[in-house]
Protein chains: 2
Amino acid sequence: MSSERIIYLPLGGAGEIGMNAYVYGYGKPDQERLILVDLGVTFPDMDGTPGVDLILPDISWLKERRDRLEAIFITHAHEDHVGAIGHFWEQLGAPIYARAFTANIARHKMAEHGHSEQTVKVVTPWPETTQAGPFSVGFLPMSHSIPESSALVIDTPQGRLLHTGDFKLDETPLVGEPFDPAAWADVSKDGVKALICDSTNIFSQHAGRSEATVGPEIERLVGEAKGMVVATTFASNVARVKTLAEAGSRAGRSIVLLGRAMRRMIEAATETGVLKGFPPVVPPEEASSIPRENLMLLVTGSQGERRAASAQLARGKYQGLVMKEGDTFLFSSKTIPGNEKGVIRIMNQFSELGVDVVDDSSGLYHVSGHANGPDLARLQDIVAPQIVVPMHGEHRHLREHVKLAQGKGRKGVLAVNGMMIDLSGNTPTVVDYIETGRTYVDGSVKIGALDGVVRDRIRMALNGHVIITVIMDENDKPLGEPWCETMGLPEKGRSHVPLVDVLEEDLSQFMGRSGDKILRDDDKLEEGLKRVARQSSQSEIGKKPEVTIVVSRLS
Amino acid sequence: MSSERIIYLPLGGAGEIGMNAYVYGYGKPDQERLILVDLGVTFPDMDGTPGVDLILPDISWLKERRDRLEAIFITHAHEDHVGAIGHFWEQLGAPIYARAFTANIARHKMAEHGHSEQTVKVVTPWPETTQAGPFSVGFLPMSHSIPESSALVIDTPQGRLLHTGDFKLDETPLVGEPFDPAAWADVSKDGVKALICDSTNIFSQHAGRSEATVGPEIERLVGEAKGMVVATTFASNVARVKTLAEAGSRAGRSIVLLGRAMRRMIEAATETGVLKGFPPVVPPEEASSIPRENLMLLVTGSQGERRAASAQLARGKYQGLVMKEGDTFLFSSKTIPGNEKGVIRIMNQFSELGVDVVDDSSGLYHVSGHANGPDLARLQDIVAPQIVVPMHGEHRHLREHVKLAQGKGRKGVLAVNGMMIDLSGNTPTVVDYIETGRTYVDGSVKIGALDGVVRDRIRMALNGHVIITVIMDENDKPLGEPWCETMGLPEKGRSHVPLVDVLEEDLSQFMGRSGDKILRDDDKLEEGLKRVARQSSQSEIGKKPEVTIVVSRLS
């Protein structure tokens, strides 16, 4: 029995959807050579992360061990798998491996952060493999809602791991390689130690539908539309964008791509040869000279993002184009939980313009990119792994996925971010708990999720902010009265006089009755002023604000 | 032709879901006698209304005309129809009419605001009517997800209006009166001028399902469950609560009601006789002595509300009860858009406890309380109104509902909040636009949505807050250096020294280079300091914070 071991350590994506980052290691304990699979982001929201621009995994553990990191492998080009590479590459420094389309997107990201394109190496799919320390890693094509998504065949001295990346079992994905059961059976035929597997759609009880099923429905819809047709989907869903464009083209419409991501993805897919036969595209500036019934716009913003093309069209105008009565807007997409209000907002704005909005509530115009419950079962049956390690899912998804594995008589392990699993023996065991978390990109700064910065913002948003300044003279006596300013608080409360007047009066009285022991001690003085301000606010306006005290001593 | 007219003026609920408040008037222009139908609330969120406790309609228009207000009629006891009566009654002063169950809930609300219970009059259903100035108003029973929901039969000298309130066409609603097509045909037989109609579910393309359909499914689920079963639904859905309780009871489980609203609703329904035969209930403090496999808890918090019983159970313990491995939690409810993240949060917390969570994704355990598209068409056919006025819906719902009416050869009018419609002639016409909006209950204060208070909170949340104090001596020269404090901003930025140090240095330089013209003028000084602080922050941390300047002059 070797003292070397295989470890699996999710730093992001396990216990959440998004922000994927999975570490694998092989070697003696604490000397394992490491590889990282994916390095993605997740997105902030007003509820929990106001003002934050982007959320990255906390990779402190890996940074401290960068000398042991052999390589980074990116399964596909979705933001939650590749979005953080530019932000972290300097701190990791390992070569990045990806297939052509993914690498094209990744290189743009690296360039935006001033890194050389050479840091991203293009690999061809399995059976080509890349040696990374004790690991040999191959990219096994897998269908998903973006071209060239790949599972990783990770060979270790103690056996083969299959890391699925995101996937669905689509034998007619239109763009990119179909799911190939024979290829999966072939890589699995000598035994697979562990299947590390996407879990997001485990609760969907029917087998997933193919990308090919939406084409005829979209074609019918676009064929029957009278005015201008505008459709949105994730720009990275190149197959869908193509389907939409072809439907427009067949209906005699000129195709216009709107939104930076939309143009960028089609360009990347064309450059790398994964997209062929995309209908001719008209630049936005020429669109206004084409009759609207002969136009189809493909736009960004399927999640109602305020700055995307869809939201700008909903508010009025984008690149000189306006929507109006008789036009149709199609959401060929699903709304990600949390984005409902933004999507509904633009639906209503379109309604006010007289635009007919069609969404996927009928189930006709969108299919998911992830494997449903029965598909996950099918893959398990093909691979027949010794161990199933569910990844990419919230706790409830991982748990259900473990149950699925156990129901088939396999070992399953529920590992969330920070749990280090030893996959070497016959039974997966938790060998360590690593402190993980989130890093916020906030303006140009990276801050830790637990630094308290965002907590303070939330508190100001919920409670308002009172600023109190007092000036103390050379003898530690108040010079004048305390001065109050408020932000985010009602002007008047119960007494029908300005809140700041009430506060200043109460604070002044507090100063008057405070002796030197308080007046000479900044901490005590601040504590007292804060208490008075909060109590006084509570009685006046029924809420306790955040309070900042500035004591200036003229000494 | 009379110079008197019928007017319809939504102050809330038209162009949104929630916050219902509809004015009807009859008389000479600007002298119409008025009635108000419903006076509801809507709920705040972190996105748009952080720190706000409750959102009420802006009833300024009605307050200014309170001498013309004859009465307030409440169709049913949901918060978005009755929630604002306590907040506004003093400003309106008219008698409130409601049926017994609704009145029971309404009176509690009035009492909470110190108003007499006598302000709420209990009426019996149609054919009883209440005279209110030129109006005669009757409550026509209608099925919905709360007992005793009623449409209003509003007779005017120029014809009959039917205001549906919220409804579904349920002939087996289990609690409360079934939909009675014959009664609707009967009130409509002499012609209905206008049908003012709920629109929320117009996009649902199948006929709605009856409340009776969920019982067998719930019974099967509860019957098969092993450990403790906990179920949540809207407490006001008394029929569902009864169905859940009966399923538990039949499975040999003792029923425990948890959460104030749950107990309150069952109490009100029992007191008013609308609920009969509810299984015996065990008080929470006795529950711990009952084996968990013999327990079923019915709890508040179907929307993931942080302080509700469900969320507290998910976090650990509520009233001494804990959930654990082998227990089942059932959401017999749908998630209202915007609440997804809160619901998902508690689902995952339950998953961490080992609790099996069942929701309505299967479509088995919940039915909607609102009429779907085909149901709305059916009601229109029964009533055969001259005019259809869609209400209670977002713009897109109202628009689709107008289309439905027009498709049947009827007149439809799209009236959103603030549009005053004259219903007198053969064609509805817009006769006025009233400024409407929202009123926020914030702590103990009511503030206008446009007062800027909440806008400032959002800005602090997004941008952080810098507080700058400067002291000017008797000669308008700076006494010491400017002083900075920050809240909600990273401690350090680009320069790797504290942000406040960078700001203080830059502000100090600004003070040094500013002449008397600036230093003596508070406005100019503040403007300059603010500009420097924002620019300096932008370069240091990549964001421009909110800035509060306090200039103290020792003069």
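Everything below is about the structure shown above.
Predicted model only: the values in this text are computed from it and were never measured.

Draft legend 1. Summary view of unusual backbone geometry. Cis peptide bonds are those with omega within 30 degrees of zero, and the linkage from Trp126(A) to Pro127(A) qualifies with 20 degrees. Mapped onto the secondary structure, Pro127(A) falls in the loop between β8 (120–122) and β9 (129–132). Not every positive phi belongs to a glycine, and Ala384(B) is a case in point at roughly 45 degrees. A positive phi is found at His392(B), a non-glycine position, where the angle reads about 45 degrees. Along the chain, His392(B) turns up in the loop between β19 (387–391) and β20 (393–394). On the basis of relative accessibility, which here comes to 1%, the residue His392(B) falls in the buried class.

Draft legend 2. Structural context of the packing of helix α6 (residues 214–224) of chain A against helix α7 (residues 238–250) of chain A. All names here are of chain A. At their nearest, the axes of α6 and α7 sit 9 Å apart, and the two run at 40 degrees to each other. Crossing handedness for the pair α6 and α7: right-handed. Counted together, Val214, Gly215, Ile218, Glu219 and Val222 of α6 and Arg240, Thr243, Leu244, Ala247, Gly248 and Arg250 of α7 form the full contact between these two elements. Taken together, the residues of the contact of α6 with α7 sort by class into 5 nonpolar, 3 polar and 3 charged.

Draft legend 3. Region of the structure containing the relation of the copies chain B and chain A. Least-squares fitting of chain B to chain A yields an RMSD of 0.1 Å, with the superposition described by an axial translation of 0.0 Å and a rotation of 180 degrees. Expressed as a symmetry operation, the mapping of one chain copy onto the other fits a two-fold axis. Taking the C-alpha atom as reference, chain B places Ala461(B) closest to the rotation axis, 2.7 Å from it. Counting the interface residues of chain B, we find that 100% of their copies in chain A are interface residues as well, pointing to one common contact surface.

Draft legend 4. Geometry of the nonpolar core. Among the nonpolar cores identified, the biggest contains 62 residues, and Ile468(A), Leu525(A), Ile468(B) and Leu525(B) are the most heavily contacted of them. Residues in contact with Ile468(B), not counting those within four places in the same chain, are Pro482(B), Trp483(B), Cys484(B), Leu507(B), Leu529(B), Ala533(B), Val547(B), Thr548(B), Ile549(B) and Val550(B).

Draft legend 5. Local environment of the interface of chain B and chain A. Every contact between the two is made by 59 residues of chain B and, on the other side, 59 residues of chain A. Each partner contributes to the roughly 5,100 Å² buried at the junction of chain B and chain A, and carbon and sulfur atoms together form 61% of this total. Counting across the interface, chain B meets chain A through 10 salt bridges. The closest approach of N and O atoms between Asp442(A) and Lys543(B), which form a salt bridge, is 2.9 Å. Summed over the shared surface of chain B and chain A, the result is 32 residue pairs in polar contact (both at pLDDT 80 or more). When contributions to the side of chain B that touches chain A are tallied by element, the ones reaching two or more residues are α11 (340–353), α13 (395–407), β25 (445–448), α14 (453–463), β26 (465–472), β27 (483–487), α17 (522–541) and β28 (546–553) of chain B. Each residue belonging to the side of chain B that touches chain A can be placed in one class, and the counts come to 24 nonpolar, 16 polar and 19 charged.

Draft legend 6. Molecular detail of the sheet that holds strand β15 (residues 254–258) of chain A. Residues and elements named next belong to chain A. The strand order across the open sheet formed by 5 strands is β15-β16-β14-β19-β20, and the pairing between neighbours is parallel. Two strands close off the open sheet at either side, each with one partner strand: β15 and β20 (356–358). This sheet shows a mean twist of 20 degrees between the axes of neighbouring strands, independent of strand direction. One ladder, built from 3 bridges, connects strand β19 (residues 328–331) with β20; its direction is parallel. Across the sheet, Phe329 pairs through a bridge with Val357, a residue of β20. Seen against the sheet, helix α8 (residues 260–271) touches β15 and β16 (295–299) and runs at an angle of roughly 110 degrees to β15.

Draft legend 7. Here's a closer look at the pattern of salt bridges. Residue and element names in this part refer to chain A. Scanning the model with the defined rule gives 64 salt bridges over all chains in all. Arg99 is paired through a salt bridge with Glu177; the nearest N and O atoms lie 2.4 Å apart. Remark: Glu177 occurs in the loop between β12 (159–163) and α5 (181–188) and Arg99 occurs in the loop between β7 (96–98) and α4 (100–112); sequence separation between them is 78 residues. Owing to a relative accessible area of 24%, Glu177 belongs among the partly exposed residues under this scheme. Connected through shared salt-bridge partners, Asp476, Lys477, Asp516, Arg520, Asp522 and Arg553 make up one network.

Draft legend 8. Main features of the packing of aromatic side chains. Residue and element names in this part refer to chain B. Counted under the stated rule, the structure contains 12 aromatic pairs over all chains. A ring pair is formed by Phe73 and Phe139, whose centres lie 6.2 Å apart and whose planes are at 50 degrees; its orientation type is tilted. A residue pair is termed long-range when its members are at least 10 positions apart, and Phe73 in strand β6 (residues 69–73) and Phe139 in strand β10 (residues 135–141) qualify at 66 residues. Judged by relative accessible area, which is 0%, Phe73 ranks as buried. The exposure class assigned to Phe139 is buried, which follows from its relative accessible area of 1%.

Draft legend 9. Spatial organisation of the environment of Asp359(B). Residue and element names in this part refer to chain B. With respect to the element layout, Asp359 can be found in the loop between β18 (356–358) and α12 (373–383). Judged by relative accessible area, which is 25%, Asp359 ranks as partly exposed. In sequence terms Asp359 and Met347 are 12 residues apart; their C-alpha atoms lie 9.3 Å from each other. Not counting the four nearest positions on each side in its chain, Asp359 is found in contact with Phe331, Met347 and Tyr365.

What counts, and at which threshold
Residues numbered from 1 in each chain as written. Chains lettered and ligands numbered in written order. Predicted model: local features only at pLDDT ≥ 70, side-chain atom pairs only at ≥ 80, totals over all residues. Heavy atoms only, no water. Helix = DSSP H or I, 4+ residues; strand = E, 2+ residues; numbered from the N terminus. Buried < 20%, exposed > 50% of the residue type's maximum accessible area, 1.4 Å probe, protein only. Axes fitted to C-alpha atoms, helices over the stretch in contact; angles between N-to-C directions. Left-handed = near helix turned anticlockwise from the far one by under 90°. Contact = heavy atoms within 4.5 Å. Nonpolar A, V, L, I, M, F, W, Y, C, P; charged D, E, K, R; others polar. Least-squares fit on C-alpha atoms with pLDDT ≥ 70 in both. Core = buried A, V, L, I, M, F, W, Y, C linked by side-chain atoms within 4.5 Å. Buried area = accessible area lost by both parts, 1.4 Å probe. Salt bridge = Lys/Arg side-chain N within 4 Å of Asp/Glu carboxyl O. Polar contact = N/O pair within 3.5 Å; in protein donor to acceptor, adjacent residues only side chain to side chain. Pairing = 2+ DSSP bridges. Phe/Tyr/Trp six-rings, centres within 6.5 Å; stacked < 30°, edge-to-face > 60°.

Read these as layout, nothing more, since geometry by itself doesn't imply function.
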